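The residues making up each chain are set out below.
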Amino acid sequence: MSAAALAAPARAAAKAASGASVARRNRDGYLFLSPWLIGFFCLTGGPILASLYFSFTDFSLFNEPAWVGLENYKRLIFDDPRYRTALGVTLAYVVTSVPLKLAFALAVALLLNRNISGVGLYRAIYYLPSLLGGSVAVAVMWRKIFAYDGVVNDMLLWFGIDGPSWISNPDYALSTIVALAVWQFGSPAVIFLAGLKQIPPELYDAADIDGAGRFATFRTVTLPLLTPIIFFNLVMQMISAFQAFTPSFIISNGTGGPDDSTLFYTLYLYEEGFSHFRMGYASAMAWALVGIIATATAFTFISSRYWVHYGDR
Amino acid sequence: MAIADEAFAPQRRSKAQRDLLAALAIHSVLIAGALLMIYPLVWLFVSSLKTDTEIFSNASFWPSQIQFQNYIRGWQGAAVSFGTFFRNSLVVSTAAVIGNVFACSLVAFAFARIDFRFKPFWFALMMGTIMLPHHATLIPQYILFHKLGWVNTFMPLIAPKLLAVDAFFVFLMIQFIRGIPREIDEAALIDGASTFMIYRMIIFPLMRPALIATAIFTFVWTYEDFLTPLVYLSDIGLYTVPQGLRLMMSTTGQSSWGPLLAMSLLSLVPLLIVFLFFQKRLIDGIATTGLKG
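Note that this is a predicted model, so its numbers are computed, not measured. (Residues numbered from 1 in each chain as written. Chains lettered and ligands numbered in written order. Predicted model: local features only at pLDDT ≥ 70, side-chain atom pairs only at ≥ 80, totals over all residues. Heavy atoms only, no water.)

### Notes on the environment of Ile198 of chain B
Residues and elements named next belong to chain B.
(1) Moving on: Along the polypeptide, Ile198 turns up in helix H11 (residues 195-206).
(2) Moving on: For Ile198, a relative accessible area of 5% translates into the label buried.
(3) Moving on: Between the alpha carbons of Ile198 and Ile216 there is a distance of 25 Å; along the sequence they are 18 residues apart.
(4) Moving on: Beyond its immediate stretch of four places on either side in the chain, Ile198 contacts Phe109, Asp185, Ala188, Leu189, Ala193 and Ile203. (Helix = DSSP H or I, 4+ residues; strand = E, 2+ residues; numbered from the N terminus. Buried < 20%, exposed > 50% of the residue type's maximum accessible area, 1.4 Å probe, protein only. Contact = heavy atoms within 4.5 Å.)

Here's what the structure looks like:
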C-alpha cells in the first residue's frame, strides 16, 4: 500500500500523458473483469441465491419448483434420521481426522526443521500422499488394503492379531476413511515447516541463554509463534473435511454403508439431489452445510482470540 | 548442578558425538515414517504385477512371476477401452488448465492494475466465493447446464474454468502482480501502450511463476475430480479416468482385482510425472500460499 502511495504522482503523470480517462479505465476494467463477472452471476453468486430459493421449494428438475416454505428445513431437523446419521458421521470424521492430521503434520515438520541432510527428499516423500490422496485410484487401493484379506490384516497377523473386516464392519469403516485423510498430512506439514523457518533464530538463542530446555523452548517459543499457522491449517483442513466426498463414495461403493456408517454429508446430498432428484431438499441440505461450515469457522475464529498469538500484538 | 556435571563428565560424550547420535535417531524415525508413507503405493505397484489368485493368497510380497496380464486386460476394459478414459481426462484437464491460466490472469490483472468503479465491491464478492462450498452451487449449476443442453458433454467441466470461477487462483495472481513494479506499466503507458498490450506484453510474461503454479494445481485437481464428472457425464464414452475406475470397481466382482489395481496405478502415472517434474514448485506453492495441495 505504501509503495502504491509513493508511486501515485508518477501514475498521475502517466495518466495525464497518455490521456487515460476515467471512462477508459472503467471500460478496460470491466472488459478484463468480464469472464469472472459472467462466472459470478451464472455459476457462483447467482446459483447460491438460486439454491436458497430452491431450498424453500419442492423441485425435481422435471416439475416447476413448488413453494413449500420451511418444510425442507423442518424435515432436515425433525423427520430425517438418515440426515442426522450423515451429520453425525461427518462431524465424527472432522473432529478425528483434522486434529490427527495436524498432529502428524506438526511432528514431522519439527523433525524436518532440524539441520539434517536430505530434507528436500523427505519433504517430497511425505508430501506425495497429499498429491495423490484425492484420487479414486488411491481410494480403490485403500479399500483393498483394509479388506479382510488385505495388507493391514496381514501385518496384524504377524503380531498374532486376527483383524476385522475393516471396510464391511460398521464399527471400523469410518476409521479407514479417517486413516486415509491422516495419511495425507504432508501438505499441512509443508505449511508448518515454512512457518517454523520464519521463527527468528535470535529467539532460540535467547531461550538458550535463559537456560530453557528443549521442551521449555518448544512450549514458550516455537508453539506460541506457530499458533497463527496452526490456526490457518485448522480452518482450511476443517472446511475441506466437511466437504469430503470421494473417499466415502469409493470405499462404500456409493452407498455410504455398511449400515450408513460412512454416509458423509455430501454423499447423502448427492444421493438426494442426483439419484432421487429431490433438488429442493438437497438445496436445503447444501444451505445447511454452508451454515454449519460458517458456524464452525466462526467458532474457531472466536476461540483464536484465546490461543493464537500474533507477533505484532 | 555443578557437582552433578562433574560427576558425569567422564561418561559424557563430546558434542560432535551427541550431534551424530541425534542425527542418526532423527534419520531413522524419518526413514521409517517415509517407508510407511509410500508402502501403500509400493504395494499397489507390486500387486498390479501379480495374478488374481496371488493377490488374494498373499503368499509373498513379491510376485512369483512378473506378468503384465492385468495391464492388458484392464486397458481393454469391458465396453470401452481405458484409453478412452485417459483421452477424455486429458482433454478436460488441458482445457481446464488453459481456461484457468487465461481467465484468471485477465481478472487478476483487472483487480491488480486497473482502477475501475466499484472495484472494492467486486473484490469483496470474489473473496467471498473462495470460501463457498462447492456443494452449495452444485444444484443450480446443474439446472443451468441442463437447460443449456450441456449435460453429458464436457462443457460443465470446462466452462467454469473459462469464467475464472476458481477465485483462489485469481487471488494468488493478484498477490503476484502486486509484486511487479508499477513503474514498468507506467513507462509502457507513456509510450502509448494500450491496457491490453500492458497485460499481454508485460504482466502476463512476468507472472509466469504464478501461472505455472495455477496450471499445475488446476491440472491435478481437474484430473482427480470425481464429483463433477459423476454428476454430469452419463455416457460411458465420455467418462474420465476416476469414473472409469469406479465403473471397473462396481462391475468387476471380487475375482478380478488385478486389472483394477493395474489401472489404478496407471491412472496415478500423470500425477507422478507432475510430481517428479514440479515437486519443488508444488511444495513451494503450498508453503507460500497455503493451497490445500
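### Topic: the interface of chain B and chain A
(1) Moving on: Listed by partner, the interface residues are 96 residues for chain B and 90 residues for chain A.
(2) Moving on: Taking both partners together, chain B and chain A bury about 8,500 Å²; carbon and sulfur atoms supply 77% of that area.
(3) Moving on: Of all residues in chain B, Met37, His135 and Ile139 of chain B give up the largest surface area on contact with chain A, accounting jointly for 9% of the area buried on that side.
(4) Moving on: Linking chain B with chain A are one salt bridge, by the criterion used here.
(5) Moving on: Across the pair Asp284 of chain B and Arg123 of chain A runs a salt bridge, and its minimum N-O distance is 4.0 Å.
(6) Moving on: Inspection of the region where chain B meets chain A yields 13 residue pairs in polar contact (both at pLDDT 80 or more).
(7) Moving on: Counting residues per element, the side of chain B that touches chain A draws most heavily on helix H15 (residues 257-289) of chain B, at 16 residues.
(8) Moving on: Looking at the side of chain B that touches chain A, its residues break down into 69 nonpolar, 18 polar and nine charged. (Buried area = accessible area lost by both parts, 1.4 Å probe. Salt bridge = Lys/Arg side-chain N within 4 Å of Asp/Glu carboxyl O. Polar contact = N/O pair within 3.5 Å; in protein donor to acceptor, adjacent residues only side chain to side chain. Nonpolar A, V, L, I, M, F, W, Y, C, P; charged D, E, K, R; others polar.)

### Brief notes about the environment of Gly99 of chain B
Residue and element names in this part refer to chain B.
(1) Moving on: With respect to the element layout, Gly99 can be found in helix H5 (residues 82-113).
(2) Moving on: Between the C-alpha atoms of Gly99 and Leu163, which are 64 residues apart in sequence, the distance is 7.6 Å.
(3) Moving on: Non-local contacts of Gly99, meaning those with residues more than four positions away in its chain, are made with Cys104, Lys161 and Leu162.

### Some details on the pattern of salt bridges
(1) Moving on: Under the definition given, this model contains 12 salt bridges over all chains.
(2) Moving on: For the salt bridge of Lys280 of chain B with Asp284 of chain B, the shortest nitrogen-to-oxygen distance reads 2.8 Å. With Lys280 of chain B and Asp284 of chain B both in helix H15 and four residues apart, this pair spans about one turn of that helix.
(3) Moving on: Among the charged side chains, a network of salt bridges with common partners joins Arg24, Arg27 and Asp28 of chain A.

### Quick notes on helix H10 (residues 182-190) of chain B
Residue and element names in this part refer to chain B.
(1) Moving on: Of the residues making up H10, those classed as buried are Arg182, Asp185, Glu186, Ala188 and Leu189. Relative to the axis of H10, the buried residues are bounded by an arc of 160° and lie together on one face.
(2) Moving on: Backbone geometry just downstream of H10 places Gly192 in the positive-phi region, at approximately 90°. (Arc of directions from axis to C-beta.)

### Concerning unusual backbone geometry
(1) Moving on: The omega torsion of the bond from Gly257 of chain A to Pro258 of chain A falls at -5°, within 30 degrees of zero and hence cis.
(2) Moving on: Within the element layout of this structure, Pro258 of chain A appears in the loop between helix H12 (246-251) and helix H13 (265-275).
(3) Moving on: In the Ramachandran plot, Asn152 of chain B falls in the positive-phi region, its phi being about 70° despite a non-glycine side chain.
(4) Moving on: Relative to the helices and strands, Asn152 of chain B is located in the loop between helix H7 (134-147) and helix H8 (155-162).
(5) Moving on: Of note in this structure, Ala164 of chain B is not a glycine but carries a positive phi near 50°.
(6) Moving on: We classify Ala164 of chain B as buried; its relative accessible area is 0%.

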